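If you want the building blocks of each chain, they are given just below.
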Amino acid sequence: MTRRYFGTDGVRGKVGKAPITPEFAMRMGFAAGTVLVKHAGTAKGEHPAVLIGKDTRVSGYMLEAALESGFSAAGVDVMLVGPMPTPGVAYLTRALRLQIGVVISASHNPYDDNGVKFFSSGGTKLADEVEAEIEAQLDRPIRCKDSRQLGKARRIDDAVGRYVEFCKSTFPQSLDLRGLKIVVDCAHGAAYHVAPHVFHELGAEVVAIGVSPDGYNINDKVGATFTDTLSREVKTQAADLGIALDGDGDRLIMVDAQGRRYDGDQLLYVIARARAEESSLQGVAGTLMTNLALEQAIRKMGVDFERAKVGDRYVLELMQQRGWILGGENSGHIICLDKHSTGDGIISALQVLAAIRSSRSTLAAISRDLKLYPQVLVNIPAPRGFDWQCQPKIVQAVSDAERLLGAAGRVLLRSSGTEAVFRVMVEGRDRKKVNMLARRLAAVVTRHA
């Protein structure tokens with residue numbers, strides 16, 4: 001599918017610039033609503049229904065109102081939940097038997113970005129063919145339903161409580177978090193009024209940071225993409241662990257009592273190891289960015305490992321194809337299909353905590369056997385979809401780097417699916433060599449992008 005608007009995680013961009021404008025959001029709501037009405041299996045006289053949640057960006061108010069208007073014009077009822085983590089919207093869409101879920105968020109991006117992403121009635125990302133239908137409908141004019149057919153809107157007041165209880169239900173009943181002091185960083189994002197309650201109600205002493213959103217401070221020197229603040233707070237509070245979520249609550253990064261950071265690969269290893277010990281684990285899905293050391297460690301457990309394209313939707317597709325329950329990305333998206341239909345930062349943290357409590361150990365101890373290879377990622381401004389393979393100088397530079405790394409390293413070049421940047425990744429056992437090759441490759445790409 002050739003995507004005009006949809007990236008790997010919905011539609012995203014700078015607020016006020018196409019496509020993140022109120023006019024486009026209204027057309028998006030109408031287009032998605034029209035496709036929804038076409039496919040909905042509702043009874044005669046009933047309207048299909050959509051759930052809309054958002055993160056804490058100030059632009060969320062504007063986009064929420066525009067989407068609501070578009071859906072209503074298409075004859076779709078709208079349920080509004082306000083600030084809600086992305087996986088919370090996925091859960092509520094499924095639990096309330098609604099036809100589609102919508103999240104207004106730009107995830108880990110700064111406050112002046114925003115976006116729209118969709119979930120199916122089953123709580124999974126929309127299929128490519130459905131997104132293609134919505135894109136095709138976007139080019140057609142809005143033809144508002146007559147007044148008798150317009151959709152209505154209402155707020156769901158108990159949405160947060162429902163989601164908190166669901167998250168808690170994924171933690172083993174035989175365990176609790178009593179005696180643990182945990183710092184929880186919600187990135188001033190959608191989980192600010194959810195995550196602290198989950199860990200507190202399971203028995204932990206919780207110190208909450210990043211829980212004062214003002215519309216402008218989401219992901220600002222807090223959260224999963226900036227863990228220095230969390231590391232300092234864990235040490236200041238003499239806490240046992242730190243948990244960092246991103247702005248929409250689907251990423252997880254953790255730190256231990258010494259303030260050391262653990263990325264998605266390390267946390268996926270902890271969960272995989274616990275699953276492999278307590279039951280049969282058939283396979284684990286990673287991405288092209290997954291550290292080579294994790295692949296080797298998973299295979300050493302006697303468990304299959306495969307890589308998908310970068311993006312949690314592609315990890316999920318691979319898991320579904322293989323019938324696997326576990327997968328993730330080093331960015332902190334971790335999917336446990338035996339617990340939820342999509343990646344969830346809170347639920348992923350609970351699975352790591354369950355492994356720690358079951359083993360009566362620490363995060364440092366149960367992840368000690370995984371020694372990640374040095375991996376350097378450089379982001380270079382470039383047009384979306386930049387094809388580096390059409391540039392002979394870049395092709396030659398990649399070939400030279402791969403030859404120098406040999407079998408103990410990798411080179412990966414790709415365009416971002418969510419930002420107008422091109423990513424250069426080099427990985428290998430020798431840190432100095434990796435750094436040198438990453439700088440060299442980035443310089444070549446910069447000259448020819």
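Relevant structure appears above.
Just so we're clear, the structure is a prediction, and the values are computed from it rather than from any experiment. Here the residue numbering is sequential within each chain, running from 1 through the sequence in written order. The predicted nature of this model means local features are confined to residues of pLDDT at least 70 and side-chain atom pairs, given and counted, to a pLDDT of 80 or more, with totals for whole chains, interfaces and linings taken over all residues. Note that water and hydrogens are dropped before the side-chain values are worked out from all heavy atoms of the structure.

### A look at the overall build of the protein
In DSSP terms, a helix is any run of H or I states spanning at least four residues, a strand is any run of E spanning at least two, and both are numbered starting from the N terminus. Along the protein, the regular secondary structure elements total 14 helices and 18 strands. The C-alpha extent of the protein, read off along each of the three principal axes, is 65 × 60 × 40 Å. Residues classed as buried in the protein amount to 58% of the 449 residues present. Across the protein, the fraction of contacts at a sequence separation of at least 24, relative to all contacts at a separation of at least 6, is 70%. Areas reported as accessible are Shrake-Rupley estimates using a 1.4 Å probe. Residue values count occlusion only from the protein chains shown. Carbon together with sulfur atoms contributes 48% to the accessible area of the protein, which is approximately 18,800 Å² in total. Exposure categories follow from relative accessible area, calculated using a 1.4 Å probe and restricted to protein chains: below 20% of the type maximum is buried, above 50% is exposed, and the middle band is partly exposed. Residue contacts are counted whenever heavy atoms from the two residues lie within 4.5 Å of one another.

### Description of the environment of valine 444
Mapping valine 444 onto the fold places it in helix 14 (residues 431-448). In this structure valine 444 comes out as buried when scored by relative accessible area, which is 11%. With 360 residues separating them in the primary sequence, valine 444 and methionine 84 have C-alpha atoms 42 Å apart. The residues contacting valine 444, other than those within four sequence positions of it, are Lys393, Ile394 and Ala397.

### So, the nonpolar core
Nonpolar side chains tend toward joint burial in soluble globular proteins. Among the nonpolar cores identified, the biggest contains 70 residues, and Leu177, Phe199, Ile243, Val284, Ile346, Leu353 and Leu363 are the most heavily contacted of them. Counting residues per element, this core draws most heavily on helix 11 (residues 345-359), at nine residues. When residues no more than four places from it in sequence are discounted, the contact partners of isoleucine 243 are Ile182, Val183, Val184, Asp185, Phe199, Leu230, Leu252, Ile253, Met254, Ala349 and Leu353. As used in this record, nonpolar core signifies buried Ala, Val, Leu, Ile, Met, Phe, Trp, Tyr and Cys residues forming a set joined through side-chain atoms within 4.5 Å. Counting residues in hydrophobic clusters, the runner-up holds 30 residues, among them Phe24, Ala73, Ala74 and Leu138.

### Some remarks on a nonpolar patch on the surface
Exposure above 30% relative accessible area and the absence of a salt bridge qualify a residue for a patch, where like charges join within 9 Å and nonpolar side chains (Val, Leu, Ile, Met, Phe, Trp, Tyr) within 5 Å. Salt bridges are defined as contacts in which a side-chain nitrogen from Lys or Arg sits within 4 Å of a carboxyl oxygen from Asp or Glu. Where nonpolar side chains cluster on the molecular surface, the patch consists of Val58, Tyr61, Tyr111 and Tyr216 and spans about 420 Å² of accessible area. Mapped onto the elements, valine 58 comes out in the loop between strand 2 (49-54) and helix 2 (59-73). Classification of valine 58 as partly exposed rests on a relative accessible area of 33%.

### Looking at the side chain of threonine 86
Looking at the secondary structure, you find threonine 86 in helix 3 (residues 86-95). Using a relative accessible area of 2% as the deciding quantity, one classes threonine 86 as buried. Setting aside anything within four residues of it in sequence, one finds threonine 86 in contact with Val103, Lys117, Phe119, Asp248 and Asp250.

### Considering the sheet that holds strand 1 (residues 11-14)
With mixed pairing, six strands are arranged side by side in an open sheet as 1-5-4-2-3-6. The open sheet has two edge strands with one neighbour each: strand 1 and strand 6 (153-155). Ignoring which end each strand starts from, the neighbouring axes of this sheet average 20° apart. Strand pairing follows a simple DSSP-based rule, namely that at least 2 bridges must link the two strands. The sheet contact formed by strand 1 and strand 5 (residues 113-120) spans four bridges and is antiparallel. In this description, a line fitted to the C-alpha atoms serves as the axis of each element, helices being fitted only across the stretch in contact, and the angle between N-to-C directions of two axes falls anywhere from 0 to 180 degrees.

### Examining helix 14
By this rule, a helix spans an expected 1.5 Å times one less than how many residues it contains. The terminal C-alpha atoms of helix 14 lie 26 Å apart, and with 18 residues this matches the ideal 26 Å at 1.5 Å per residue to within 8%. The inward-facing, buried residues of helix 14 abut strand 16 (375-381), helix 13 (392-405), strand 17 (409-415) and strand 18 (421-428). Counting of polar contacts relies on pairs of N or O atoms within 3.5 Å, with two restrictions inside protein: one atom must be capable of donating a hydrogen and the other of accepting it, and residues adjacent in sequence are counted only when both atoms are side-chain atoms. The N-terminus of helix 14 is capped by aspartate 430, whose side-chain oxygen sits 3.1 Å from the backbone nitrogen of lysine 432.

### Here we look at the sheet that holds strand 10 (residues 252-256)
Here we have five strands laid out as an open sheet, ordered 8-7-9-10-11, and mixed in their pairing. Edge positions in the open sheet fall to strand 8 (205-209) and strand 11 (261-262), since each of these has one partner strand only. As paired elements, strand 7 (residues 181-185) and strand 8 share five bridges and run parallel to each other. Residue pairing for strand 8: aspartate 185 is matched across the bridge by isoleucine 209.

### Looking at the packing of aromatic side chains
Only the six-membered ring of Trp is used, alongside the rings of Phe and Tyr, when aromatic pairs are assigned; centres must lie within 6.5 Å, and planes under 30 degrees apart are stacked while those over 60 apart are edge-to-face, with the rest tilted. Tallying each qualifying case throughout the model produces five aromatic pairs. The interplanar angle of 50° and the centroid separation of 5.0 Å between the aromatic rings of tyrosine 5 and phenylalanine 24 together place this pair among those described as tilted. Placement of tyrosine 5 in the segment before strand 1 and of phenylalanine 24 in helix 1 (residues 22-39) is noted, with a sequence separation of 19 residues between them. A residue is classified by how much of its surface remains accessible, and tyrosine 5, at 22% relative accessible area, is partly exposed. Its relative accessible area of 6% is what places phenylalanine 24 among the buried residues. Both rings, one in tyrosine 91 and one in phenylalanine 166, keep their centres 4.0 Å apart while their planes meet at 10°; by these two values the pair is stacked. Remark: phenylalanine 166 occurs in helix 5 (residues 159-169) and tyrosine 91 occurs in helix 3; sequence separation between them is 75 residues. Overall, the relative accessible area of 16% leaves tyrosine 91 in the buried class. Lysine and arginine charges are scored as sitting over a ring when NZ or CZ, respectively, is within 6 Å of the ring centre and within 35 degrees of the ring normal. Over the ring of tyrosine 61 we find lysine 54, and its NZ or CZ is 4.0 Å from the ring centre. Against the face of tyrosine 314 rests lysine 309, its NZ or CZ located 4.3 Å from the ring centre.

### A few points about the environment of serine 105
Mapped onto the secondary structure, serine 105 falls in the loop between strand 4 (100-104) and strand 5. Counting along the chain gives 50 residues from serine 105 to aspartate 55, while the straight-line C-alpha distance between them is 5.5 Å. Aside from chain neighbours lying at most four places away, what touches serine 105 is Asp55, Arg57, Asn114, Gly115, Val116 and Asp248. Polar contacts involving the side chain of serine 105 include one to the main-chain amide nitrogen of serine 107, which spans 2.8 Å.

### A closer look at helix 5
Every buried residue belonging to helix 5 is among Ala159, Tyr163, Val164, Phe166, Cys167 and Lys168, and all of these are buried. Where helix 5 is buried, its residues meet strand 3 (77-83), helix 3, helix 6 (195-201) and helix 11.

### Looking at the packing of helix 8 (residues 264-278) against helix 11
Contact pair helix 8 / helix 11: the axes reach a minimum separation of 9 Å and the direction vectors enclose 55°. What the angle tells us is that helix 8 and helix 11 run oblique. The crossing of helix 8 and helix 11 is left-handed. Between helix 8 and helix 11, the residues in contact are Leu267, Val270, Ile271, Ala274 and Arg275 and Ser348, Gln351, Val352 and Ala355, respectively. Partitioning the contact of helix 8 with helix 11 into residue classes produces six nonpolar, two polar and one charged. Oblique is the label for any angle not under 35 degrees, not over 145, and not in the 65 to 115 range, which are roughly parallel, roughly antiparallel and roughly perpendicular in turn. Each crossing gets its handedness from the near helix: less than a right angle anticlockwise from the far helix is left-handed, clockwise is right-handed. Ten residues, namely Ala, Val, Leu, Ile, Met, Phe, Trp, Tyr, Cys and Pro, are considered nonpolar, four, namely Asp, Glu, Lys and Arg, are considered charged, and the remaining ones, Gly among them, are considered polar.

The values are spatial; any link to function lies outside them.
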